[in-house]
Amino acid sequence: MPVEFIGMIGTRPASELHSPTVTLTGGTVNPEYVRKFAKIHEDGGFDRVLVGYSSSGPDGFSVVSYAASVTDKLKFLLAHRPGFVAPTLAARKLATLDHFTNGRIAVHIITGGSDDEQQKDGDWLDHDTRYYRTDEYLEIVRRVWTSDLPFDYQGEFYNLKNAFSEVKPLQKPHIPIYFGGASSAAVSIGAKHSNVYAFWGEPLAAIKQRIADVKAAAPVGKPLRFSISLRPILGETEEKAWEKARYILSRIKQSRADAGLKLPVGASARPQSVGSRRLLEFAQESEIHDKRLWTPIAAATGAYGNTTALVGTPEQVAESLFDYYQAGVTTLLIRGFDPVEDAISYGRDVIPLVRGLVQRFEQQTATVA
């Protein structure tokens, strides 16, 4: 199966190197920066870019609409948090956007792993209950996209009468659904509804086990693809790559100190997100897993997000990405700590290498078959 590369764009310059509070998912809107950032990914051979979500950030629908208008073939992965827009309205908004982008969107469902983040938008449901709501939400969205007739729906969270949309997605049978979450509640619901199940950057053995767990929870015969998110750190030599990685870690620690942020310790400081807790556990086990999966940045930041890195030369990082492909991952979400410059480097130095490895692997597999 072909490999898919996803980057990430934001609406302003942002990096953990300079500030732990200035992120790609929040802040002010700089249209020229969005245009430049999107074009860099398109020219670099990325298939899609993720447009993230936060309770204080710009509206992702608008960001995608603008970025699509200034690109030709780049696709978009729109992060969407269920519960704040009615599922019927979300389905129509996404279907409309699918037409205006000429079928270039997918939706990434992030149910939410932080009570604090949810409550900023007025959501007081607990972690598992949010996922039960997401189950109903996605069932309704998919029916709105595909139903030729009005339908009624009665559930714990939503009650509808004669729900229907005249606008259907351009993509058939519907817009692709990506899904993230590491808890048992997330796995059961994500396996049921998603086309692509997304993981953060864990060791190979853990990813293989998680793929098996999601497949076991999916309806019989349902095709599923899998994604992993990583932060490659490149150097001309392996030694220079590790020097750069240690510099990035020192800058992140300093920026947190400058902002008055201290990493809390103890059980009470454990993040609510199961995915974050998993990354912290891997960080406690070892600084380096497999060939070059590096975990100290996750430990230094509390693993609030995609924070594990692959460190090495472009050839070494490409090899490690290909290892994930062989483990069953076909979507690689890569973003850097210097977002613009790293996206250029990935497009020039890493993506062609990985595509070449995948192509040769597929050819060899076809020959053997």
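Residues numbered from 1 in each chain as written. Predicted model: local features only at pLDDT ≥ 70, side-chain atom pairs only at ≥ 80, totals over all residues. Heavy atoms only, no water.

K.L.:
Sorry, what's going on with the pairing of strand β8 (residues 196-200) here?
P.N.:
Two faces make up the sheet, and in a regular strand the side chains alternate between them. Taking burial as the measure, the five residues of β8 include four buried ones, the bulk of the element. Note that strand β7 (residues 177-180) and β8 share three bridges and pair parallel. Considered in β8, the bridge of Y178 is made with V196. What joins β7 to β8 is helix α6 (residues 184-193), and the crossover it makes is right-handed. Pairing of β8 with strand β9 (residues 225-234), which is carried by five bridges, proceeds in the parallel orientation. Its bridge partner being in β9, A198 is matched across the sheet by S227. Handedness of the β-α-β unit built from β8, helix α7 (residues 204-217) and β9 comes out right-handed. (Buried < 20%, exposed > 50% of the residue type's maximum accessible area, 1.4 Å probe, protein only. Helix = DSSP H or I, 4+ residues; strand = E, 2+ residues; numbered from the N terminus. Pairing = 2+ DSSP bridges. Right-handed = clockwise from strand over helix to strand, strands pointing away.)

K.L.:
What's the story with the confidence of the model for the protein chain in this structure? I'm lost.
P.N.:
Detailed conclusions should not be drawn from predicted coordinates in areas where pLDDT is low. When the pLDDT values of the protein chain are averaged, the result is 94; 97% of them are 70 or greater. Counting contacts from residues 264-269, a segment whose pLDDT is below 50, to residues more than four positions away or on other chains yields two contacts. (pLDDT = per-residue confidence, 0-100. Contact = heavy atoms within 4.5 Å.)

K.L.:
When you look at the pattern of salt bridges in this model, what are you seeing that I'm missing?
P.N.:
Two side chains of opposite charge can pair, provided their charged atoms sit close to one another. In this structure the tally under the stated criterion is 17 salt bridges. Note that K240 and E236 form a salt bridge whose closest N and O atoms lie 3.6 Å from each other. With a closest N to O distance of 3.0 Å, R348 and D349 form a salt bridge. Three or more residues joined by partner-sharing salt bridges are found here, namely E4, R48 and R225. (Salt bridge = Lys/Arg side-chain N within 4 Å of Asp/Glu carboxyl O.)

K.L.:
In this structure, what is going on with the packing of helix α1 (residues 31-43) against helix α12 (residues 339-368)? I would like to understand it.
P.N.:
Packed helices, taken two at a time, are described by the angle between their axes plus the distance between the axes. Contact pair α1 / α12: the axes reach a minimum separation of 9 Å and the direction vectors enclose 20°. Taken together, the axes of α1 and α12 lie roughly parallel to each other. Note on packing geometry: the crossing formed by α1 with α12 is left-handed. Residues Y33, K36, F37, I40 and H41 of α1 touch α12, and the partners they reach there are P339, V340, A343 and I344. Split into classes, the residues belonging to the contact of α1 with α12 amount to seven nonpolar, one polar and one charged. (Axes fitted to C-alpha atoms, helices over the stretch in contact; angles between N-to-C directions. Parallel < 35°, antiparallel > 145°, perpendicular 65-115°, else oblique. Left-handed = near helix turned anticlockwise from the far one by under 90°. Nonpolar A, V, L, I, M, F, W, Y, C, P; charged D, E, K, R; others polar.)

K.L.:
Can you help me understand the environment of G112 in this one?
P.N.:
Relative to the helices and strands, G112 resides in the loop between β4 (105-110) and α4 (115-120). In this structure the C-alpha to C-alpha distance between G112 and Y158, which are 46 residues apart in sequence, comes to 19 Å. Non-local contacts of G112, meaning those with residues more than four positions away in its chain, are made with Q118, H127 and R130.

K.L.:
How should I be thinking about the packing of α6 against α7 in this particular structure?
P.N.:
Following both chains from N to C, one finds α6 and α7 inclined at 65°, their axes separated by 8 Å at the closest point. As α6 runs across α7, the sense of the crossing is right-handed. Residue-level contacts link V187, S188 and A191 of α6 to D213, V214 and A217 of α7. Looking at the contact of α6 with α7 residue by residue, the classes come out as four nonpolar, one polar and one charged.

K.L.:
In this structure, what is going on with the environment of S56? I would like to understand it.
P.N.:
Its place among the elements puts S56 in the loop between β2 (48-51) and α2 (60-69). Remark: the alpha-carbon pair of S56 and I140, spanning 84 residues in sequence, is separated by 27 Å.

K.L.:
Looking at this model, I keep getting lost on the side chain of H174. Mind explaining?
P.N.:
As for its position among the elements, H174 is in the loop between β6 (159-163) and β7. On the accessibility criterion, H174 (13% relative accessible area) is buried. Beyond its immediate chain neighbours, meaning those up to four positions away, H174 contacts R142, W145, T146, P169 and N195.

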